[in-house]
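Residues per chain, in single letters:
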Protein chains: 2
Amino acid sequence: MKRVVVTGASGFIGSRTLAGLVSAGFEVHAVHASAAPARAADDVVTWHQCDLLAQDPAPLFGRIKPTHLLHLAWYAEPGRFWTSAENFRWVAASLALVRAFLDSGGIRVVGAGTCAEYDWSSGIDRLSEDAPRIPATVYGVAKKATAELLAAQARGAGATFAWGRVFHLYGPAEDPRRLIAGTIRSLIRGETARCSSGDQLRDFLHVDDVAGAFVRLVDSAIAGAVNVASGDAVAVRDVVQLIARRLDAESQLALGVIPKQPGEPQSLVADVTRLATELQWHPSRSLEQGLSDTIGWWLDFERARGHATGALGREGASPA
Amino acid sequence: MKRVVVTGASGFIGSRTLAGLVSAGFEVHAVHASAAPARAADDVVTWHQCDLLAQDPAPLFGRIKPTHLLHLAWYAEPGRFWTSAENFRWVAASLALVRAFLDSGGIRVVGAGTCAEYDWSSGIDRLSEDAPRIPATVYGVAKKATAELLAAQARGAGATFAWGRVFHLYGPAEDPRRLIAGTIRSLIRGETARCSSGDQLRDFLHVDDVAGAFVRLVDSAIAGAVNVASGDAVAVRDVVQLIARRLDAESQLALGVIPKQPGEPQSLVADVTRLATELQWHPSRSLEQGLSDTIGWWLDFERARGHATGALGREGASPA
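Residue positions are given per chain, counting from 1 as you read along its sequence in written order. A letter from A marks each chain and a number from 1 marks each ligand, given out in the order of writing. At least 70 in pLDDT is required for a residue's local features to be given in this predicted model, at least 80 for side-chain atom pairs to be given and counted, and no such filter applies to totals for whole chains, interfaces and linings, which use all residues. Just so you know, side-chain values use all the structure's heavy atoms and leave hydrogens and water out.

**Some thoughts on the relation of the copies chain A and chain B**
- By a simple turn and slide, chain A fits onto chain B: the slide is 0.0 Å along the axis, the RMSD is 0.0 Å, and the turn is 180 degrees. The symmetry that links the two subunits is that of a two-fold axis.
- By definition in these notes, contact holds between two residues if any of their heavy atoms fall within 4.5 Å. The fraction of interface residues of chain A whose copies in chain B are also interface residues reaches 100%, indicating that both copies meet through the same surface. When the copies are overlaid, the least-squares fit takes in C-alpha atoms only where the residue has pLDDT of at least 70 in both copies.

Structure follows, in structure tokens:
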């Protein structure tokens, strides 16, 4: 019997892992922090309320006795998560969580890391998992320390540990304070989308693929860090121009009008050899397909709320 | 006004920092976990009971409003601290502690690290602070992660941070489950002191000197990691033979009768350039002087309890 607890299960990635985990044969226990997420009547997932920052998770794990843990919960408020002291609370909460999991007999821990663990000034074209890790941000420091601590915790209890380092992700229902969602929403609303010069190279992966990679990671025996990314270097400018073209809104794009963030790396692209070779996992869609899917979701969402302008607002809105 | 909180203040190092901190002009607030330590009537230190693993330290810091924090408390049970899961609880407790300190307005954090943070297989003769850090033990992993986290916490609040990496220490009243104290006690009791071959090179510093270095570190503006050590490479065999000669008990020494610990490094010696040059700090006694002091303490202690044998037991015991 494979029984997995997913933390952050109502979040951007977590919510998209649940069906895949069920398909992979897991009994799925989803942990959410506060308000119960909306779900279908035929939902085979068991939901549990536990605020990991405030409640001891040990009683919950003692009842569930999971074999696997997929720990995705973290502080993620756009614009604030890079520097917030909340990151340190999540380090402590993660230690207590994994301790509770191991004490209840768990055998495999998988957590979510980040490309912010790497040294952004290294100048390396494609970051492999053993590239230098000198985080420039509080978020990166906290995630890197958590990875090292959780690995040692798991090892000490004879459990296996893997850590998916997520690069840039996007997809339906993303917070519009983030680049891709914000650009799409602005363009749909007939507003100007203000961007930096956009020559930075990034590695984008659709959230459903990020979730799919985590499902595969949980259901494998692979140990250590694994980049969760596409491996494709794409200029940010090309992504926003792709979006603008798809929405026939290129005139609304204002490239180069805002400065880059200080300390922002020129290139942040993953070497995905481990993901592709050891885990035999590949993205299920191209960036173009992923962006189309995401734009479609936003068109439905904005039309339903009367925010889409001009031709975009008229072409057959379907209620969200 | 310089006002320092010392955690682990009743411990092996902590108890020896207090007088030095007072001399350096600090108002000293000493935190102990449980039973109040014995102290003289003229003690100018203010003692506070707070179990950092169980109690929120925020109210205490809100009352004291210290400018400086010297965080020495940690799990240190000989033989167990290398691998214990208690180390992870101390990571979380340290994060909560430093958060409380910074929230109360503190400006400088100093903590105790360890030579176990370094890569023991590096083969480097003298480990400088930027030597590779790939800890082989849970204790080393936890201390290394704590250093990185506390540095980021302090930086985020505009406070300074330093981290004293302690190598091997010894001195009066050390736990006899540790090498030097155990050897001295066995020889005084007329027992055989069983050792490994003892060709490992170590870096020993008397606990009063370790404490003195931490006082200097707290009272400086130096940032980052600083090795707290002698810089002298000494074979373990030479140390125990020195002890045996001093006690005229060389026949009781059984060298090479127990195997080395698996994974034990051949050499573990500090480069003390930062300590000596930037902090301008030097040990106040040689290894010979430090061992004499320690042996004297144990002779008093064992004689007072009637455990010293033969000539050692007769030569003018002074009650401890």
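The structure having been displayed, the exposition proceeds.
**Remarks on the confidence of the model for chain A**
Residue and element names in this part refer to chain A.
- Confidence of the predictor at the level of single residues is captured by pLDDT, which takes values from 0 to 100. Summary statistics for chain A give a mean pLDDT of 94 and a share of 97% for residues scoring 70 or more.
- Per-residue pLDDT stays below 50 along residues 316-320; that stretch engages in eight contacts with residues further than four places along the chain or on separate chains.
- For this predicted complex, the interface confidence reaches an ipTM of 0.89, while the overall pTM sits at 0.92.

**Comments concerning the pattern of salt bridges**
Residues and elements named next belong to chain B.
- Any Lys or Arg side-chain nitrogen located within 4 Å of an Asp or Glu carboxyl oxygen qualifies as a salt bridge. As enumerated under the stated definition, the model contains 34 salt bridges over all chains in all.
- A salt bridge links Arg177 to Asp175, with the nearest nitrogen and oxygen atoms 2.9 Å apart.
- When accessible area is computed with a 1.4 Å probe and restricted to protein chains, residues below 20% of their type maximum are described as buried, those above 50% as exposed, and intermediate ones as partly exposed. For Arg177, a relative accessible area of 53% corresponds to the exposed category.
- Across the pair Arg285 and Asp209 runs a salt bridge, and its minimum N-O distance is 3.5 Å. Residue Arg285 is found in the loop between helix 8 (273-278) and helix 9 (287-304), and its partner Asp209 is found in helix 6 (residues 207-218); the two are separated by 76 residues along the sequence.
- Judged by relative accessible area, which is 26%, Arg285 ranks as partly exposed. A run of DSSP states H or I qualifies as a helix once it reaches four residues; a run of E qualifies as a strand once it reaches two. Both are numbered from the N-terminal end.

**Quick word on the interface of chain A and chain B**
- Taken residue by residue, the interface counts 17 residues in chain A and 17 residues in chain B.
- By definition, the buried area sums, over both parts, the 1.4 Å-probe accessible area that each loses when the two are put together. Buried surface at the junction of chain A and chain B, summed over both partners, amounts to about 1,400 Å²; 71% is from carbon and sulfur atoms.
- Across the contact surface, chain A and chain B share four salt bridges.
- Across the salt bridge formed by Lys144 of chain A and Glu148 of chain B, the nearest N and O atoms sit 2.8 Å from each other.
- Side-chain atoms alone can form a polar contact between residues adjacent in sequence; in general such a contact is a pair of N or O atoms within 3.5 Å, and within protein one must be able to donate a hydrogen while the other accepts it. Connecting chain A to chain B are four residue pairs in polar contact (both at pLDDT 80 or more).
- Contributions of two or more residues to the side of chain A that touches chain B are made by helix 3 (86-103) and helix 4 (138-156) of chain A.
- Among the elements that make up the side of chain A that touches chain B, the one with the highest residue count is helix 4 of chain A (nine residues).

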